[in-house]
Amino acid sequence: MRKTLLCVSFGTRVETARRHITLVENALREAAPDYAFVRAFTSPTIRRILQARGETVPSLEQALAELPGGQVIVQPTHLLYGIEYDRIKQTVANWTGKLFSVALGKPLLAGTDDLQHLARALSRAYPPAEGEALVLMGHGTPHFAGVVYPALQSVFRMLGRPDIHVAAVEGWPALEDILPMLDGAAVKTVRLLPLMLVAGDHAWNDMAGDAPESWKSRLNAAGFDTRCTLQGLGELPEVRAMYCRHLRELLA
Ligand code: CO
């Protein structure tokens, strides 16, 4: 029977960020060598922009509709069980039992083990530095799954890394909510890092942009030096291994 791995991402229009998605896609591909690989992006805006550049990437619905049949695994590269994940789940549910078997993989942060794995990976990749705090910019969501941000913050504390802080660009906790923790901790420099699969639009503009509303500008205005690291989580081999572990649960 034909087997397909359908890897679904939000997508990005930032060319340097595409690499972060590709790295995860390639790791998943290697973990499922006897599966045909198909890519889908969920963002209609990003698919339109890519189309204008000459690249056609299907939506999840389109990708499912184009499959000839057989056994399908849909593996999202999404970070948490948020609104986007719920939509993917609904789409997959609509296809279940129609043409073939469809199984849905978990997001990166699907349980407390995942929080610990991610916190350890980030803690190793970004060791503590004198007078410096590391602020992770998550996307944020009104979904209850947004509790992963303060949960992750707690895990960093348990690991002995009170210098790492987690906030969200479009949700809670916001940058203002973590500023008091920086003030009280003899911090001179704030290193900024996206807590997102890619260092895309949010990282380049909302985090590291020169506009007065960016996190960099607001931290500078609050008296901190800043250092921006434009790397997506997809760069970390441990993160790719987490996605692959989730995929292997479905392959088993
Ligand atoms: Co956004």
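Preceding this paragraph is the structure being described.
Figured I'd write up the structure that's included with this text. What you see is a predicted model, and the numbers here were worked out from it, not measured in a lab.

About the cut-offs
Residues numbered from 1 in each chain as written. Predicted model: local features only at pLDDT ≥ 70, side-chain atom pairs only at ≥ 80, totals over all residues. Heavy atoms only, no water. Helix = DSSP H or I, 4+ residues; strand = E, 2+ residues; numbered from the N terminus. Expected span 1.5 Å × (residues − 1). Buried < 20%, exposed > 50% of the residue type's maximum accessible area, 1.4 Å probe, protein only. Contact = heavy atoms within 4.5 Å. Donors = N, O, S within 2.8 Å, 3.2 Å for Na, K, Ca; no water. Pairing = 2+ DSSP bridges. Axes fitted to C-alpha atoms, helices over the stretch in contact; angles between N-to-C directions. Core = buried A, V, L, I, M, F, W, Y, C linked by side-chain atoms within 4.5 Å. Arc of directions from axis to C-beta.

## Examining helix H10 (residues 237–251)
Spanning 15 residues, H10 covers 20 Å between terminal C-alpha atoms, matching the ideal 21 Å at 1.5 Å per step. Within the sequence span of H10, burial applies to Val239, Arg240, Met242, Tyr243, Cys244, His246 and Leu247. For H10, the elements touching its buried residues are strand S1 (3–9), helix H1 (15–31), strand S3 (71–76) and helix H5 (112–125).

## Looking at the coordination of the cobalt ion
The protein atoms donating to the cobalt ion are His139 (NE2) and His202 (NE2), with metal-donor distances spanning 2.1 Å. With His139 in the loop between strand S5 (132–138) and helix H6 (148–158) and His202 in helix H8 (residues 201–207), this residue pair connects regions lying 63 residues apart in the sequence. Accessibility expressed as a relative area gives 19% for His202, which makes it buried.

## Section: the sheet that holds S5
Strand order across the open sheet formed by four strands is S6-S5-S7-S8, with parallel pairing between neighbours. Here the strands that pair on one side only, and so sit at the sheet edges, are strand S6 (164–168) and strand S8 (225–228). On average, each strand axis in the sheet is tilted by 25° relative to the strand beside it, whichever way the strands run. The pairing of S5 with S6 spans five bridges and is classified as parallel. Residue pairing across strands places Leu134 opposite Ile164, the latter belonging to S6. Its contacts with the sheet place H6 against S5 and S6, and it is angled at close to 180° to S6. Sitting on the sheet, helix H7 (residues 175–183) is in contact with S5, S6 and strand S7 (189–194), with an inclination near 160° to S6.

## Description of the nonpolar core
One finds Leu108, Leu118, Leu122, Leu136 and Leu195 to be the most contacted residues of the largest nonpolar core, which totals 48 residues. Ranked by the residues each element gives to this core, the list is headed by H1, at six residues. In this structure, Met137, Leu175, Met196 and Met207 belong to the second largest nonpolar core, which totals 16 residues.

## Describing helix H4 (residues 83–95)
The end-to-end C-alpha distance of H4 is 19 Å, a good match for the 18 Å that 13 residues give at a rise of 1.5 Å each. Considered for burial, the residues of H4 that qualify are Tyr85, Ile88, Thr91, Val92 and Trp95. Buried residues of H4, seen end-on, are gathered within an arc of 120° and therefore sit on one face of the element.

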